[in-house]
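Fold and contact review
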Amino acid sequence: MKLLVADKSRGIHFYDMNTQVPIMTLDITSHTHQQLTPPLLSVDWLPSNYLLIGGVANGHWAIWDVSQSRYPLEVKSAHNGPATAFRWCSAGEQMFATIGNHGNEVKVHHLGHQKVPISTNLPGVGGISWHATLPLLAASSHRSVRFWGLEL
């Protein structure tokens, strides 16, 4: 019974739905001076581990572990242009996808590796979505849908 609300400029807030009271806020800036520059445009809660939150702001992604800190554990560059979407892979805790470069680029990131498994340019990406149980990513682009199957 928790609700996650992302504020473009101030951070990520959690509310208790029973009492409708804020219970926690995650900061955009990091205690190691890594920082996401607002606006925070997309956040996602990892379905298999509710302690992990991911998000994008400008050209960077960040990962928070709410059990450890209110600051991001990692902040890394994702795209040359602004990043607009972040989605965790439902099948594994280590993988997520982002849309960036003004909606023309899709990247899949793996927390355990430096190499980006997928980086592709697609004109006008409208959205990304993961299969519920498989590491299968779909991205809409104009009048088509592209699919990628990944290994965990």
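You'll find the structure just up there.
Residues numbered from 1 in each chain as written. Predicted model: local features only at pLDDT ≥ 70, side-chain atom pairs only at ≥ 80, totals over all residues. Heavy atoms only, no water.

1. Overview of the pairing of strand S1 (residues 2-7)
- Across six bridges, the pairing between S1 and strand S2 (residues 11-16) is antiparallel. Among the inter-strand pairings, Ala-6 is bridged to a residue of S2, identified as Ile-12.
- Connecting the antiparallel pair S1 and S2 is a turn made up of three residues. (Pairing = 2+ DSSP bridges. Helix = DSSP H or I, 4+ residues; strand = E, 2+ residues; numbered from the N terminus.)

2. Overview of the sheet that holds strand S4 (residues 40-45)
- As summarised here, the arrangement of the four strands in space is S4-S5-S6-S7, forming an open sheet in which the pairing is antiparallel. Here the strands that pair on one side only, and so sit at the sheet edges, are S4 and strand S7 (74-77). Strand-to-strand twist across the sheet, computed as the mean angle between neighbouring axes with direction ignored, equals 20°.
- Relative to S7, strand S6 (residues 60-65) runs antiparallel, the two sharing four bridges. Opposite Ala-62, over in S7, you have Val-75 as the bridge partner. (Axes fitted to C-alpha atoms, helices over the stretch in contact; angles between N-to-C directions.)

3. A look at the layout of surface pockets
- Each pocket or cavity is described by its volume, and for the largest pocket that value is around 180 Å³.
- Surrounding the largest pocket, Trp-61, Glu-74, Lys-76, Ser-77, Val-108, His-109, His-110, Leu-111, His-113, Gln-114, Lys-115 and Val-116 form its lining.
- Listing elements by their share of the lining of the largest pocket, those giving two or more residues are S7 and strand S10 (105-110).
- Broken down by class, the residue content of the lining of the largest pocket amounts to four nonpolar, five polar and three charged. (1 Å grid on protein atoms, 1.4 Å probe; cavity = no way out; pocket = protein on both sides within 12 Å on 5 of 7 lines; lining within 4 Å. Points joined across faces, edges and corners; volume = space filled by probe spheres on them. Nonpolar A, V, L, I, M, F, W, Y, C, P; charged D, E, K, R; others polar.)

4. Overview of the pattern of salt bridges
- A complete count under the given rule lists two salt bridges for this structure.
- In this structure, Asp-27 and Arg-70 form a salt bridge, with 2.8 Å as the shortest nitrogen-oxygen distance. Here Arg-70 lies in the loop between S6 and S7 and Asp-27 lies in the loop between strand S3 (21-26) and S4, a separation of 43 residues in the sequence.
- We classify Asp-27 as buried; its relative accessible area is 14%.
- Residue Lys-76 is joined to Glu-74 by a salt bridge in which the shortest nitrogen-to-oxygen separation is 3.4 Å.
- Overall, the relative accessible area of 33% leaves Lys-76 in the partly exposed class.
- Judged by relative accessible area, which is 25%, Glu-74 ranks as partly exposed. (Salt bridge = Lys/Arg side-chain N within 4 Å of Asp/Glu carboxyl O. Buried < 20%, exposed > 50% of the residue type's maximum accessible area, 1.4 Å probe, protein only.)

Worth remembering: the numbers are spatial, not functional.
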